[in-house]
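Here are the chains, one letter per residue:
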Amino acid sequence: MFGIIGIIVIFVMVFGGYLAAGGKMTIIMQSLPYEMTMIGGAAAGAFIISNDVSGVKHTIKDIGKVFKGAKWKHDDYRDLLCLLFELVRLGRENPVGLEEHTENPTESSIFANYPKILGDQEAVDLICDTLRSASLNYDDPHQVEDVIEKRMEANLHHAMHSSHALQTIADGLPALGIVAAVLGVIKTMGSIDQPPEILGKLIGGALVGTFLGVFLAYGLVGPFAARVKGIVEEDHHFYGLIREVLIANLYNHATNICIEVGRQNTPGHHRPSFAELEEALKGLKQAAA
């Protein structure tokens, strides 16, 4: 929603200010299709050259995040803490019983209570692989922590690809705008014998290319790249919470302490209050009784 509002504000302020200053849209509208074809086409071609098929699909998909926002919300963090509480508690009471849930999470009665988390393969794999590692009797929990850290760094690097790709296009758009403007000047020079009013329109049309390149770079594509990066980093906290709770579990802290460690490491705007989480956990304890 905020993404759409931002785009509207950009267009209203830029073109509204231009019109208020006495500018006319005629020259821009006449040149727009051709300039946009050159600039947009060159940018699309450069994007395709610099990315493979999966990278292109990944970036196109992630553009939707600008409008949808982060995947994980307040209730999802609370649900994750509840899920981890159930799994850690079961692992302490019945390690063999825990294996049934970690080996086949799609058939797990515990995971089934949290369908959104179950639908995220990376979250499920991270939980199950870490709990499975704990069952291998690592002498040093730091070993597991290092493995998880490297895995999460690799996942974050991959998730950031869309932001980097968009930022690369944003960096190149002003130069592509200049290319389009130069072509417009070349066209104008071919009509140098025309009267001033015609030359003025031709020069104005050429300058539309420079305007479009800068406008698209700093008004749209650059902010899109920044927003995608911010959302990826925000969603990464969700997986970081998994790491914090399960590493605390490896150090044999009490189950409630492990969950509190996770709650404290939850981003402030998503962090459930102590009372809210305690109420949710109390419901789980009563259901298990």
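Conventions and cut-offs
- Residues numbered from 1 in each chain as written.
- Predicted model: local features only at pLDDT ≥ 70, side-chain atom pairs only at ≥ 80, totals over all residues.
- Heavy atoms only, no water.
- Helix = DSSP H or I, 4+ residues; strand = E, 2+ residues; numbered from the N terminus.
- Rg over C-alpha atoms; globule rule 2.2 N^0.38 Å.
- Buried < 20%, exposed > 50% of the residue type's maximum accessible area, 1.4 Å probe, protein only.
- Contact = heavy atoms within 4.5 Å.
- 1 Å grid on protein atoms, 1.4 Å probe; cavity = no way out; pocket = protein on both sides within 12 Å on 5 of 7 lines; lining within 4 Å.
- Points joined across faces, edges and corners; volume = space filled by probe spheres on them.
- Nonpolar A, V, L, I, M, F, W, Y, C, P; charged D, E, K, R; others polar.
- Phe/Tyr/Trp six-rings, centres within 6.5 Å; stacked < 30°, edge-to-face > 60°.
- Expected span 1.5 Å × (residues − 1).
- Salt bridge = Lys/Arg side-chain N within 4 Å of Asp/Glu carboxyl O.

S.K.: Any chance you could break down the overall build of the protein for me, citing the residues and the numbers?
M.R.: From N to C terminus, the protein includes 13 helices and zero strands. Its C-alpha radius of gyration of 27 Å places the protein more than 25% over the 19 Å reference for a compact globule of 289 residues. Along the first, second and third principal axes, the C-alpha atoms of the protein reach 90 × 35 × 30 Å. For the protein, the residues scored as buried account for 39% of the 289 residues in total. Long-range pairs, those at least 24 residues apart, make up 78% of the contacts in the protein with a sequence separation of at least 6.

S.K.: Tell me what's going on with the side chain of His58, and back it up with residues and numbers.
M.R.: Mapped onto the secondary structure, His58 falls in helix α3 (residues 53-63). Not counting residues within four places of it along the chain, the set of residues in contact with His58 comprises His158, Ala159, His161 and Ser162.

S.K.: Mind laying out the layout of surface pockets, listing which residues take part and the relevant values?
M.R.: For the largest pocket, the calculated volume is near 700 Å³. Looking at the largest pocket, it is lined by 20 residues, and the ones nearest its centre are Lys65, Lys71, Asp120, Asp235 and Tyr239. Of all the secondary-structure elements, those providing two or more residues to the lining of the largest pocket are α3, α4 (65-68), α8 (121-134), α9 (141-159) and α11 (196-250). Residue contributions to the lining of the largest pocket peak at five residues, all from α9. Its residues assigned to classes, the lining of the largest pocket comprises seven nonpolar, five polar and eight charged.

S.K.: Tell me about the packing of aromatic side chains, residues and numbers included.
M.R.: Scanning the entire structure with this criterion turns up 10 aromatic pairs. Between the aromatic rings of Trp72 and Tyr239, the centroid separation amounts to 6.5 Å while the plane-to-plane angle is 85°, which identifies the pairing as edge-to-face. Of this pair, Trp72 sits in the loop between α4 and α5 (74-93) while Tyr239 sits in helix α11, and the two are 167 residues apart along the sequence. Taken as a pair, Trp72 and Tyr239 share a single burial class, namely buried. In this structure an aromatic cluster arises from ring pairing among Phe11, Phe15, Phe211 and Phe215.

S.K.: Quick rundown of helix α1 (residues 2-20)? Include the residues and the values.
M.R.: For α1, which comprises 19 residues, the first-to-last C-alpha distance of 26 Å matches the rise-based estimate of 27 Å (1.5 Å per residue) to within 8%. With its phi angle positive at about 100°, Gly22 sits one or two positions after the end of α1.

S.K.: Outline the environment of Leu216, listing residues and values.
M.R.: Assignment of secondary structure puts Leu216 in helix α11. Considered as a pair, Leu216 and Gly40 are 176 residues apart in the sequence and their alpha carbons are 9.4 Å apart. Every residue in contact with Leu216, bar those within four places of it in the chain, is listed here: Met36, Ile39, Leu173, Val221 and Gly222.

S.K.: An account of the pattern of salt bridges is needed here, citing residue identities and associated values.
M.R.: Evaluated as defined, the whole model comprises 13 salt bridges. Between Asp79 and Arg78 there is a salt bridge, with its nearest N and O atoms 3.4 Å apart. One salt bridge in this structure joins Glu149 and Arg243, with 2.8 Å as the shortest N-O distance. With a gap of 94 residues between them, Glu149 in helix α9 and Arg243 in helix α11 connect regions that are remote in the sequence. Among the charged side chains, a salt-bridge network with shared partners connects Glu103, Glu122, Asp129, Arg132 and Arg151.

S.K.: Lay out the environment of Val214 with the relevant residues and their values.
M.R.: As for its position among the elements, Val214 is in helix α11. Overall, the relative accessible area of 37% leaves Val214 in the partly exposed class. Separated by 151 residues in the primary sequence, Val214 and Ile63 have C-alpha atoms spaced 20 Å apart. What Val214 contacts, discounting residues up to four positions off in sequence, is Pro174 and Gly219.

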